[in-house]
Amino acid sequence: PLALSVWLEPSLIRVRDSPIGYTRVVADNRGNPRPLRLSLAGSDAERIVSFAFNPVTLDVAAGEMNAAYLTVQAPPPGEGLETSRAITVLASTVSIPTVSAGPGSRKVEATGTFVQASSAPAISALSLRLEPAVVRSRDSADGVLEMVADNRDGTAQVRAHLEGSDPEGVVDFVFEPQLLDIPPGGWALARVRLRAPRPERGQQVTRGFTVTASEERRNVAATGSYVQNSSDRRPLIRMVLTVLGTLMMVAGVFLPWTTRPGEFTGIQWSLLRFAEFTKLDLAQLNIRKEVLEGIDAAFQSAGLVVLVLAAVTLFGLTGTKGRLIRAGSALVFVFLVAFLLAFMVRADSLGVAFGAVLVGLGAVSAFAGGLVLRR
């Protein structure tokens with residue numbers, strides 16, 4: 001019987017991130033009294049592994065050992081995966097009758113295992129965190145947040161390119177810095193500025209967005225929300241203009257309206273005095289002069305008319321469309337103009353004082369306030 005032993009040393013070939021592995025084919029001819037020449041060949045069940053022997057034909061002297069170098073090669077697995085393949089090396093005798101490990105055998109086999117592992121990309125250990133994840137802004141197109149890139153579980157440095165996106169494509173992203181180096185076992189920070197169109201007055205809009213860190217063709221991402229609110233200042237503007245206009249009208253009533261034909265305030269311009277200076281015939285209006293003489297001048301004055309209409313104007317703030325504000329202020333303005341025109345037409349002279357001007361400006365201000373929320 002042929003006393004020959006063949007084995008692989010090592011029999012477990014383990015490589016990482018490489019398609020190639022190395023081992024030796026050891027032939028033991030110490031139990032045989034004559035030299036042997038062996039032809040070496042290899043195989044695997046999937047027929048994927050390629051074998052390269054050096055040398056291909058191995059001479060082993062009688063009572064000696066010898067070895068050939070073996071290079072095995074196979075496609076590596078996908079990133080982060082591992083494959084294990086059983087391999088067989090066949091040693092066949094050359095130039096003498098073929099022998100085997102047992103009686104009458106002419107071939108000897110050696111088996112081993114080729115294990116290939118591929119490392120996961122460095123960025124796969126990276127995680128992103130947005131602080132805050134929900135960004136809020138009021139009356140502004142801009143929002144700010146921080147992005148934390150956590151590589152504490154990683155064993156390699158990551159150089160990540162940062163970018164952002166949103167489904168609508170309306171958010172602009174600015175990263176400081178754009179390229180981020182994250183050390184193994186550590187973390188790094190980037191500032192992110194968001195900009196998106198402001199919503200309509202009094203409206204709120206929420207936009208989802210994604211921040212991505214990429215290295216080569218791999219990336220990790222984190223999602224967040226950008227909530228924008230836009231204030232509606234029109235109710236405040238309406239209130240300010242209306243209240244200011246009302247106060248101006250009320251103040252003007254107690255200031256002089258005219259300098260000629262006499263310096264009188266709005267509250268002093270009674271109907272009786274108005275008829276006297278404008279030569280108005282009260283009898284044609286079915287108003288008796290004796291009745292007016294018995295009524296306090298303030299209760300029949302032009303100023304009282306303005307005060308009542310100013311109160312109506314101010315009450316208009318309780319509505320939503322401003323109609324009462326516009327109506328009250330417009331009546332004040334028309335009444336004031338008619339009052340002054342009556343002097344220009346029927347009186348000998350007219351001098352307009354500051355009180356009348358203030359009432360007119362107040363009516364204009366309040367009327368503008370009533371237009372603010374008009375649809």
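Before reading on, note that the structure itself is shown above.
Residues numbered from 1 in each chain as written. Predicted model: local features only at pLDDT ≥ 70, side-chain atom pairs only at ≥ 80, totals over all residues. Heavy atoms only, no water.

> For this particular structure, what's the right way to read the overall build of the protein chain?
The helix and strand inventory of the protein chain stands at six helices and 21 strands. Radius of gyration (C-alpha) of the protein chain: 50 Å, far over the 21 Å computed for a compact globule of 375 residues. Viewed in the frame of its principal axes, the protein chain has a C-alpha envelope of about 160 × 30 × 25 Å. Counting every position in the protein chain, which comprises 375 residues, the buried fraction comes to 39%. In the protein chain, 67% of the contacts between residues at least 6 apart in sequence involve partners at least 24 apart. Carbon together with sulfur atoms contributes 55% to the accessible area of the protein chain, which is approximately 20,300 Å² in total. Placing the 37 positive and 33 negative side-chain charges of the protein chain at their respective mean positions leaves the two points 6 Å apart. (Helix = DSSP H or I, 4+ residues; strand = E, 2+ residues; numbered from the N terminus. Rg over C-alpha atoms; globule rule 2.2 N^0.38 Å. Buried < 20%, exposed > 50% of the residue type's maximum accessible area, 1.4 Å probe, protein only. Contact = heavy atoms within 4.5 Å. Areas by Shrake-Rupley, 256 points an atom, 1.4 Å probe, with all protein chains shown as cover. Lys, Arg positive; Asp, Glu negative; His and termini not counted. Charge placed at Lys NZ, Arg CZ, Asp CG, Glu CD.)

> How should the pattern of salt bridges be read in this particular structure?
Oppositely charged side chains may form a pair once their charged atoms are brought near each other. Applying the stated criterion across every chain yields a total of 14 salt bridges. Residue E131 pairs with R129 through a salt bridge whose shortest N-O separation is 3.0 Å. In this structure E131 comes out as partly exposed when scored by relative accessible area, which is 36%. Note that R193 and E176 form a salt bridge whose closest N and O atoms lie 3.4 Å from each other. (Salt bridge = Lys/Arg side-chain N within 4 Å of Asp/Glu carboxyl O.)

> What am I meant to see in a nonpolar patch on the surface here?
On the surface, F333, V337, L341, M344, V345 and V364 cluster together into a nonpolar patch covering about 560 Å² of accessible area. In terms of residue count, helix α5 (residues 323-346) provides more of the nonpolar patch than any other element does, five residues in total. Along the chain, V364 falls in helix α6 (residues 354-371). (Patch = residues over 30% accessible without salt bridge, like charges linked within 9 Å, V, L, I, M, F, W, Y side chains within 5 Å.)

> Help me understand the sheet that holds strand β15 (residues 179-182), please; the structure alone is not making it clear to me.
Read from one edge of the open sheet, five strands run β11-β18-β17-β13-β15, paired in mixed fashion. Lying at the two open borders of the sheet, with one neighbouring strand each, are β11 (134-138) and β15. Recorded for the sheet is a direction-independent mean angle of 30 degrees between the axes of neighbouring strands. Pairing of strand β13 (residues 158-165) with strand β17 (residues 204-215), which is carried by five bridges, proceeds in the antiparallel orientation. Paired with H161 across the strands is S214, a residue of β17. (Pairing = 2+ DSSP bridges. Axes fitted to C-alpha atoms, helices over the stretch in contact; angles between N-to-C directions.)

> In this structure, what is going on with the pairing of strand β2 (residues 12-16)? I would like to understand it.
Every regular strand shows the same layout, with side chains that alternate between the two sheet faces. Only one face of β2 is buried, namely the one carrying I13 and V15, since none of L12, R14 and R16 on the opposite face is buried. Relative to strand β9 (residues 107-117), β2 runs parallel, the two being bridged by five bridges. Residue pairing across strands places V15 opposite Q116, the latter belonging to β9.

> What is the right way to look at the sheet that holds β2 in this model?
The strands making up a sheet associate through backbone hydrogen bonding, with each pair oriented either parallel or antiparallel. The strand order across the open sheet built from five strands is β2-β9-β8-β4-β6, with neighbouring strands paired in mixed fashion. At either margin of the open sheet sits one strand with a lone partner, and together these are β2 and β6 (57-60). Ignoring which end each strand starts from, the neighbouring axes of this sheet average 30 degrees apart. Two elements, strand β4 (residues 36-44) and strand β8 (residues 82-93), share seven bridges in a ladder whose sense is antiparallel. Looking across to β8, one finds that L38 is bridged to T93.

> What's the story with the nonpolar core in this structure? I'm lost.
One broad trend across soluble globular proteins is that nonpolar side chains are buried collectively. Formed by 27 residues in total, the largest nonpolar core has its most connected members in L126, L128, M147, L180, I182, L194 and F209. Only β10 (127-131), β12 (142-150), β13, β14 (172-176), β15, β16 (187-195), β17 and β18 (218-229) provide two or more residues apiece to this core. With four residues, the single largest contributor to this core is β16. Apart from the residues lying within four places of it in its own chain, the contact partners of I182 are L126, A149, N151, A156, Q157, V158, A160, W187 and A188. Within the second largest apolar cluster, 25 residues are counted, among which are V49, F53, A68 and A74. (Core = buried A, V, L, I, M, F, W, Y, C linked by side-chain atoms within 4.5 Å.)

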